[in-house]
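Reading the structure
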Amino acid sequence: MELVGEFFGTAVLILLGDGVVAGVLLEKSKAKDGGWITITTAWALAVCFGVLVAKALGSPGAHLNPAVTLSVCIQSGDFSIFLPYSLAQISGAALGAFLVYLHYLPHWKETKDPGKILAVFSTEPAIKHTLSNVISEGFGTFLLILGIHAIFSPANGGANGIAGTGFVALLVWAIGLSMGGTTGYAINPARDLGPRIIHSIVPIPNKGKSGWKYAWLPVVIPLVGAGLAAVVIKWTI
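Residues numbered from 1 in each chain as written. Predicted model: local features only at pLDDT ≥ 70, side-chain atom pairs only at ≥ 80, totals over all residues. Heavy atoms only, no water.

Thoughts on the environment of Phe152
Topologically, Phe152 is positioned in helix α7 (residues 130-152). On the basis of relative accessibility, which here comes to 34%, the residue Phe152 falls in the partly exposed class. As a C-alpha pair, Phe152 and Gly164 span 12 residues in sequence and 6.9 Å in three-dimensional space. (Helix = DSSP H or I, 4+ residues; strand = E, 2+ residues; numbered from the N terminus. Buried < 20%, exposed > 50% of the residue type's maximum accessible area, 1.4 Å probe, protein only.)

Focus: the pattern of salt bridges
One pass over the structure, following the stated rule, counts 6 salt bridges. For Asp18, the salt bridge identified is with Arg191, shortest N-O distance 3.5 Å. Note that Asp18 is positioned in helix α1 (residues 2-25) and Arg191 in helix α9 (residues 189-201), a separation of 173 residues in sequence. Given a relative accessible area of 0%, Asp18 falls into the buried group. Among the ionic pairs, Glu110 bridges to Lys28, the shortest N-O distance being 3.5 Å. Separated by 82 residues along the polypeptide, Glu110 in helix α5 (residues 105-110) and Lys28 in the loop between α1 and α2 (36-56) bring together distant segments of the chain. Three or more residues are tied together by salt bridges with common partners; here these are Glu27, Lys32 and Asp33. (Salt bridge = Lys/Arg side-chain N within 4 Å of Asp/Glu carboxyl O.)

So, the packing of α1 against helix α4 (residues 82-103)
For the pair α1 and α4, the least separation of the axes is 7 Å and the interaxial angle reads 35 degrees. Crossing of α1 against α4: the hand is right-handed. Touching Glu2, Leu3, Glu6, Phe7, Thr10, Ala11, Ile14, Leu15, Asp18, Gly19 and Ala22 of α1 are Pro84, Tyr85, Ala88, Gln89, Ser91, Gly92, Ala93, Leu95, Gly96, Ala97, Leu99 and Val100, all from α4. Of the residues belonging to the contact of α1 with α4, the class tally is 14 nonpolar, 6 polar and 3 charged. (Axes fitted to C-alpha atoms, helices over the stretch in contact; angles between N-to-C directions. Left-handed = near helix turned anticlockwise from the far one by under 90°. Contact = heavy atoms within 4.5 Å. Nonpolar A, V, L, I, M, F, W, Y, C, P; charged D, E, K, R; others polar.)

Focus: the side chain of Thr123
Mapped onto the elements of the fold, Thr123 is located in the loop between α6 (114-121) and α7. Thr123 sits in the buried class, given a relative accessible area of 4%. There is a polar contact of 2.6 Å between the side chain of Thr123 and the side chain of Asp192. Beyond its immediate stretch of four places on either side in the chain, Thr123 contacts Thr183, Gly184, Ala186, Arg191, Asp192, Arg196, Tyr214 and Pro218. (Polar contact = N/O pair within 3.5 Å; in protein donor to acceptor, adjacent residues only side chain to side chain.)

Have a look at this one:
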């Protein structure tokens, strides 16, 4: 049941998260030009409801993110869940992106900018500078893992249930507002890879290339950042 929860929870995460980007960027959307505050707020809410769905459908950890799963594996010393969880998360992200494609079906034809179409599905840096982009995604994911640990730490009272989920959403909102302007804060390999695959295979009018030259970075670097955070947490504890 854990994999079912991870699959559908991640699908909800991407449906709401990529959905707001589509609403803000695609032509003739009533939400067009809603801006960065709209996007980061909706992504935080997407995390909140994605986590709640994952827990309700059988995944108490509700990772929704291979980077989170990796950090849990490093801290526990058990890596058996990493591959199945990651595959469920990437598949769920692909489903969520496909649902966004269907939901905004007539708007793709109206949108002539292939960059905006790609931005609905995946992240791209505001300025392409590999070292800076690596730092941005690494720092962002490091803070995500450290923040999640702090939220549920007994030292802070150990937030549980909906309260803990709400604080995780606030954490993602803060990361998006403060650090997301550089690379679009993927901080989640599934969030970027699953939707990018959908962009590459569905027949979207006016779409360009799927940006595979950059795609390794939002997949690999969040894992590195999460791994480093997990090592720091394990070492300090």
